[in-house]
Amino acid sequence: MTVTLDQIHADPTIIDRAIGLSERLDIHAAGMLKATLFPAEVPSIDKARETMRKRFERPDWQFGVGQPMNREERNSRG
């Protein structure tokens, strides 16, 4: 998607729409490219679960930080 800075000033939701559509947004002013918004990949819940499942399956997998917590300590974290 390509827009001018004037178009964004007239309709600021252009940026929100580009983000929502995960589209690259090139912003031009005075005939020159001034900025580019690159969409970030939003991982899905299913992909996150699959990644964690693969990590947990490894026999050498460990939590890397801190001491293990008991149930009460985990639940009190808020």
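About the cut-offs
Residues numbered from 1 in each chain as written. Predicted model: local features only at pLDDT ≥ 70, side-chain atom pairs only at ≥ 80, totals over all residues. Heavy atoms only, no water. Helix = DSSP H or I, 4+ residues; strand = E, 2+ residues; numbered from the N terminus. Buried < 20%, exposed > 50% of the residue type's maximum accessible area, 1.4 Å probe, protein only. Areas by Shrake-Rupley, 256 points an atom, 1.4 Å probe, with all protein chains shown as cover. Lys, Arg positive; Asp, Glu negative; His and termini not counted. Charge placed at Lys NZ, Arg CZ, Asp CG, Glu CD. Core = buried A, V, L, I, M, F, W, Y, C linked by side-chain atoms within 4.5 Å. Contact = heavy atoms within 4.5 Å.

Caption draft 1: Quick look at the overall build of the chain. Of the regular secondary structure elements, the chain holds four helices and three strands. Seen along its three principal axes, the alpha-carbon backbone of the chain occupies a region of about 60 × 30 × 20 Å. Considering the chain as a whole, with its 78 residues, one finds that 10% of them fall into the buried category. Summed over all atoms, the accessible surface of the chain reaches about 7000 Å², with 55% contributed by carbon and sulfur. Side-chain charges of the chain comprise 12 positive and 12 negative groups, with the mean position of each set lying 6 Å from the other.

Caption draft 2: Highlighting the nonpolar core. Of all hydrophobic cores here, the largest spans six residues; its members are V3, I8, I14, A18, L25 and I27. With residues up to four places along the chain from it excluded, the contact list for I14 reads M1, V3, Q7, I8 and L25.

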